[in-house]
Amino acid sequence: MNYFPDEVIEHVFDFVTSHKDRNAISLVCKSWYKIERFSRQKVFIGNCYAINPERLLRRFPCLKSLTLKGKPHFADFNLVPHEWGGFVLPWIEALARSRVGLEELRLKRMVVTDESLELLSRSFVNFKSLVLVSCEGFTTDGLASIAANCRHLRDLDLQENEIDDHRGQWLSCFPDTCTTLVTLNFACLEGETNLVALERLVARSPNLKSLKLNRAVPLDALARLMACAPQIVDLGVGSYENDPDSESYMKLKAAIKKCTSLRSLSGFLEAAPHCLSAFHPICHNLTSLNLSYAAEIHGSHLIKLIQHCKKLQRLWILDSIGDKGLEVVASTCKELQELRVFPSDLLGGGNTAVTEEGLVAISAGCPKLHSILYFCQQMTNAALVTVAKNCPNFIRFRLCILEPNKPDHVTSQPLDEGFGAIVKACKSLRRLSHSGLLTDQVFLYIGMYANQLEMLSIAFAGDTDKGMLYVLNGCKKMKKLEIRDSPFGDTALLADVSKYETMRSLWMSSCEVTLSGCKRLAQKAPWLNVEIINENDNNRMEENGHEGRQKVDKMYLYRTVVGTRMDAPPFVWIL
Amino acid sequence: MITELEMGKGESELELGLGLSLGGGTAAKIGKSGGGGAWGERGRLLTAKDFPSVGSKRAADSASHAGASPPRSSSQVVGWPPIGSHRMNSLVNNQATKSAREEEEAGKKIVKDDEPKDVTKKVNGKVPVGFIKVNMDGVAIGRKVDLSAHSSYENLSQTLEDMFFRTNPGTIGLTSQFTKPLRLLDGSSEFVLTYEDKEGDWMLVGDVPWRMFITSVKRLRVMKTSEANGLAARNQEPNERQRKQPV
């Protein structure tokens, strides 16, 4: 490669887009490192505390697109206090100061404020794309700043955030000159929506491909919106309460027929069960269907809709579809790659829930299936063994049996063998969540066979430290390990400290890890931040004479090149 | 922090996060042997049925945990099943709607058409509640409470008291500071319960009928009585709003 001028190498690098590949390239030699860093435009940071914005900008001065993730995954389930951290403001301030030409910002599980959104909107002339996933801390006032100030806004994509809705007029803050929108997703907003402003915005956005409405957008507005955006590819229906005889419904049916580019359908946040048939004409084109929020649609209507969806690749649905419904999916959706089945009924499960039979049917009928998230009431080892045989191509396998520690419901055995079969057969498995009654044995299998495993979620499983040790020793590619309510302690935690340098993070809550164990770990590994999250009594752990043996309720550790963070709240103790 | 080391077997542990626990959380004890029996009843999901009177019942439950099969409400497990809180809220809301609808269907058969409809069911056609935020003066960490799991101001007040003020082992609490019972509603204690309504105004809790309250409340705040004077008429100041973020 000495023979090529830098410009040529740089041009070659332009074709390398995955950040993993780019990271690999930069390690080849000093020259490549240098070329790569100046040409890198997209950076992904899986843990915002692993590095700081100054170092990021020093290395990648030509940054255009940044992805940042903040809180650990278990924050989704209320296991991480709100003020733990993950503040984006310092990042935006640093990026603004550096005058880097930021165009895209994607944040997940971070705390975003109106102030940061305002600063973002004013600091980057070419800012185009904002994607916020599971974030919190801001209001519609912040959205108004983005709408008003980002002249070239292409994407505003808000997924499952907690946004204080001030019932303001953020939608009217898009200037009349704004015609560049491609993605507009505000499904998670709980408040009223200015329908007039929305319709005018959609009407002047000829490039709009993805539109996801909140529950405040009623059916007649939907009909009008679809009529002025027939080019739509991805639609999130808001409210779907309607009278099938009404004029609005007729208009909707007519508008839907014209949306020949529609490939992805979601929403139905408030839905009357009987009117899905309006969408039947376009079902044969759908590749993605998300009805997981449509709790009021009965299984029979879901099935009728799905029978038309022969090209479906992605399906998110509620368990009200039942095993019978999953059999219909299995026989209809031969292209299915990803399936998520969520629980619909928290009232102790009824006969509408799905069982191992539905899972087996899907595995038998859908040869391309590679990702699954399945909530169910019961499971058997035999079913899992069959699934493994039918589908050896799983990349992501997440099974959640609703009752913790539940054994095989036929044999009353632990589910070790079933999950063992999965990890043995699925050689490309990168992500696994297991549940039900599990002993150390399942971890032996995981350590032995799950060579590509990057993320593992453990809850209420295992007997001794050996379980965790099998995983730490065996899974060479482990990146994120999260454990709750399992009997793993200091021995496992401290066995191989250098392992944590190869991982992004480790979460352990309600396990057997003690304070002195954590302290020893922190001493041995200064390049780790070992955080103890102690919500109840801030100083109790220090003052108590038995502190060493005291069990730690929540521990989160992660590798970092920038040491202890300065923004931790008082209940987080960084060792 | 109450840990397994210190608790006797069978006691429950309250954690901060709410998950399904609708007003408080208890992590059931893990069966060390891994035996299937350790969970049994305890692993059951919490449902609306468990909370006809969630406040007082739960307070009693967390204290009485000796031997006999655990009371249903202590079967709550924080953060389980692993469903994102956004989705969980939606589920809870939907179930409230379903039961409200079923009630309405049942009621319609008896009630005449021209009788005035319950005003609370009109808002978006359903009872729009779910988890709302609760902050208390002097406490850094905000909490969340599920209004649809409560049926009266008494319930709610009890839940909040348990959340912020309980001092028993096995419950969370700011043990050093607050040891008096709260009595948030009668104006006799150091704190009052206030709420922000949909117009953005802060009001004292308790003035309007419960059902009207739950349709208009946006969030709650346990405020020092000294600060609450003239509250009903007072509008939220802009800098105060700013101070509350990020939460």
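Calculation criteria
- Residues numbered from 1 in each chain as written.
- Chains lettered and ligands numbered in written order.
- Predicted model: local features only at pLDDT ≥ 70, side-chain atom pairs only at ≥ 80, totals over all residues.
- Heavy atoms only, no water.
- UniProt positions renumbered as here; feature names shortened; annotations may be inferred.
- Helix = DSSP H or I, 4+ residues; strand = E, 2+ residues; numbered from the N terminus.
- Buried < 20%, exposed > 50% of the residue type's maximum accessible area, 1.4 Å probe, protein only.
- Contact = heavy atoms within 4.5 Å.
- Areas by Shrake-Rupley, 256 points an atom, 1.4 Å probe, with all protein chains shown as cover.
- Patch = residues over 30% accessible without salt bridge, like charges linked within 9 Å, V, L, I, M, F, W, Y side chains within 5 Å.
- Salt bridge = Lys/Arg side-chain N within 4 Å of Asp/Glu carboxyl O.
- Pairing = 2+ DSSP bridges.
- Axes fitted to C-alpha atoms, helices over the stretch in contact; angles between N-to-C directions.
- Polar contact = N/O pair within 3.5 Å; in protein donor to acceptor, adjacent residues only side chain to side chain.
- Right-handed = clockwise from strand over helix to strand, strands pointing away.
- Parallel < 35°, antiparallel > 145°, perpendicular 65-115°, else oblique.
- Left-handed = near helix turned anticlockwise from the far one by under 90°.
- Nonpolar A, V, L, I, M, F, W, Y, C, P; charged D, E, K, R; others polar.

By the naming in an unreviewed UniProt entry, chain A goes by Auxin signaling F-box 2 and is assigned to Arabidopsis lyrata subsp. lyrata. Looking at chain A in UniProt, the text filed under Subcellular location (unreviewed entry) is "Nucleus".

This part is about the overall build of chain B. Within chain B one finds five helices and five strands. Listing the helices and strands of chain B from first to last along the sequence gives α-α-β-β-α-β-β-α-β-α. By the burial criterion, 54% of the 247 residues in chain B qualify as buried. Taking contacts inside chain B between residues at least 6 apart in sequence as the whole, the part at least 24 apart equals 60%. On chain B, roughly 10,800 Å² of surface is accessible, and the fraction owed to carbon and sulfur atoms is 54%.

Moving on to a nonpolar patch on the surface. Residues and elements named next belong to chain A. Where nonpolar side chains cluster on the molecular surface, the patch consists of Phe4, Val8 and Val12 and spans about 240 Å² of accessible area. Among the structural elements, Phe4 can be located in the segment before helix 1 (6-13). We classify Phe4 as partly exposed; its relative accessible area is 44%.

What follows deals with the sheet that holds strand 3 (residues 191-197) of chain B. Residues and elements named next belong to chain B. As summarised here, the arrangement of the five strands in space is 2-1-5-3-4, forming an open sheet in which the pairing is mixed. Each edge of the open sheet is held by one strand with a lone partner, namely strand 2 (143-146) and strand 4 (202-204). Recorded for the sheet is a direction-independent mean angle of 30° between the axes of neighbouring strands. Bridge analysis of strand 3 against strand 5 (residues 217-224) gives seven bridges, and the strand direction is antiparallel. Within strand 5, the residue paired with Val192 across the bridge is Met223.

To continue, consider helix 8 (residues 195-203) of chain A. Residues and elements named next belong to chain A. The complete set of buried residues in helix 8 reads Ala197, Leu198, Glu199, Leu201 and Val202. In this fold, the buried residues of helix 8 make contact with strand 8 (183-185), strand 9 (210-212) and helix 9 (219-228). For helix 8, the capping residue at the N-terminal end is Asn194, with a side-chain oxygen 3.2 Å from the backbone nitrogen of Val196.

All names here are of chain A. Counting buried positions along strand 2 (residues 65-69) yields five of five residues, so the element is predominantly enclosed. Residues Ser65, Thr67 and Lys69 line one face of strand 2 and the alternating positions Leu66 and Leu68 line the opposite face, and both faces are buried. With four bridges joining them, strand 1 (residues 42-45) and strand 2 adopt parallel strand pairing. For Val43, the partnering residue across the bridge sits in strand 2 and is Leu66. The handedness of the strand 1 to strand 2 crossover, carried by helix 4 (residues 53-59), is right-handed. For strand 2 and strand 3 (residues 104-108), the ladder comprises five bridges, and the chain directions are parallel. Pairing of Leu68 across the sheet is with Leu107, part of strand 3. Note on the crossover from strand 2 through helix 5 (residues 89-98) to strand 3: the handedness is right-handed.

A separate point is unusual backbone geometry. Backbone torsion omega between B:Trp80 and B:Pro81 reads -5°, so that peptide bond is classified as cis. In the Ramachandran plot, A:Asn405 falls in the positive-phi region, its phi being about 65° despite a non-glycine side chain. Along the polypeptide, A:Asn405 turns up in the loop between strand 16 (396-401) and helix 15 (416-425). With relative accessibility at 4%, the residue A:Asn405 sits in the buried group. We note that A:Phe460 has phi near 50°; this positive angle belongs to a residue other than glycine. When you line up the elements, A:Phe460 lands in the loop between strand 18 (455-459) and helix 17 (465-474). Residue classification places A:Phe460 among the buried positions, given a relative accessible area of 3%.

This part covers the packing of helix 9 of chain A against helix 10 (residues 247-258) of chain A. Residue and element names in this part refer to chain A. Contact geometry for helix 9 and helix 10: axes closest at 8 Å, N-to-C directions at 30°. When the interaxial angle is binned, helix 9 and helix 10 end up roughly parallel. Along this stretch, helix 9 crosses helix 10, giving a crossing that reads as left-handed. Touching Leu219, Asp220, Leu222, Ala223, Met226 and Ala227 of helix 9 are Ser248, Tyr249, Lys251, Leu252, Ala255 and Ile256, all from helix 10. Counted by class, the contact of helix 9 with helix 10 contains nine nonpolar, one polar and two charged residues.

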